[in-house]
Amino acid sequence: RGFMLPGLTDWTGRWWISAIVQAAVFSAHHVSLTGSVSLFVLGLAWSILYRQSGSLFVPSLVHVLWNSRVFISSWLGL
């Protein structure tokens, strides 16, 4: 995200195109056909967080919190 969004934005001239492409790559990277739409939406939301905050720390923190929730839920059998 830290490299792809700025690079694609420079190349395309439109940040929203970069966000869509980055979200698609994020979704495809997780190789989950059943979760592809939700992962795309998460990738898009985190791209918007990155753009709005101007910091990679914000979407990284949200990603860590999200993964922690998934891990703890799985560990507890929820």
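A few words on the overall build of the protein. Helix and strand counts for the protein come out as four helices and zero strands. Helices and strands in the protein line up, N terminus first, as α-α-α-α. Principal-axis analysis of the C-alpha atoms gives the protein an extent of 45 × 25 × 15 Å. A total of 78 residues make up the protein; the buried ones form 22% of that total. Put simply, of all contacts in the protein between residues at least 6 apart along the chain, 36% involve residues at least 24 apart. Accessible surface, the protein: about 5,500 Å² in total, of which carbon and sulfur atoms supply 71%.

What follows covers the confidence of the model for the protein. Caution is warranted with low-pLDDT regions, since their predicted coordinates should not be read in detail. Averaged over every residue, the pLDDT of the protein is 87; the share at 70 or more is 100%. When pLDDT is averaged over each element of the protein, helix α3 (residues 36-53) comes out on top at 90 and helix α1 (residues 4-12) at the bottom at 87.

It is worth spelling out the side chain of Q22 at this point. By the secondary structure assignment, Q22 is in helix α2 (residues 15-29). Taking relative accessible area as the criterion, Q22 reaches 4% and is therefore assigned buried. Apart from residues lying up to four places away in sequence, Q22 is in contact with R1, M4, L5, G43 and S47.

Our focus in this paragraph is the packing of aromatic side chains. Under the criterion given, the structure shown has one aromatic pair. The side chain of R69 reaches across the aromatic face of W66, ending 4.4 Å from its centre.

What follows is about the packing of α1 against α2. Packed helices, taken two at a time, are described by their axes: the angle between them and the distance between them. Viewed as axis vectors pointing N to C, α1 and α2 meet at an angle of 135°, and their least axial separation amounts to 8 Å. As judged from the angle between their axes, α1 and α2 are oblique. The two elements α1 and α2 meet at a crossing, and its hand is right-handed. Taken together, the residues of α2 that come into contact with α1 (itself represented by M4, L5, L8, T9 and T12) are W15, I17, S18, A19, V21, Q22 and V25.

With that out of the way, let us pick up the environment of L44. Mapping L44 onto the fold places it in helix α3. A relative accessible area of 25% means that L44 is categorised as partly exposed. In contact with L44, not counting residues within four places along its chain, are A19, I20 and A23.

Definitions and limits used
Residues numbered from 1 in each chain as written. Predicted model: local features only at pLDDT ≥ 70, side-chain atom pairs only at ≥ 80, totals over all residues. Heavy atoms only, no water. Helix = DSSP H or I, 4+ residues; strand = E, 2+ residues; numbered from the N terminus. Buried < 20%, exposed > 50% of the residue type's maximum accessible area, 1.4 Å probe, protein only. Contact = heavy atoms within 4.5 Å. Areas by Shrake-Rupley, 256 points an atom, 1.4 Å probe, with all protein chains shown as cover. pLDDT = per-residue confidence, 0-100. Phe/Tyr/Trp six-rings, centres within 6.5 Å; stacked < 30°, edge-to-face > 60°. Lys NZ or Arg CZ within 6 Å of the ring centre and 35° of its normal. Axes fitted to C-alpha atoms, helices over the stretch in contact; angles between N-to-C directions. Parallel < 35°, antiparallel > 145°, perpendicular 65-115°, else oblique. Left-handed = near helix turned anticlockwise from the far one by under 90°.

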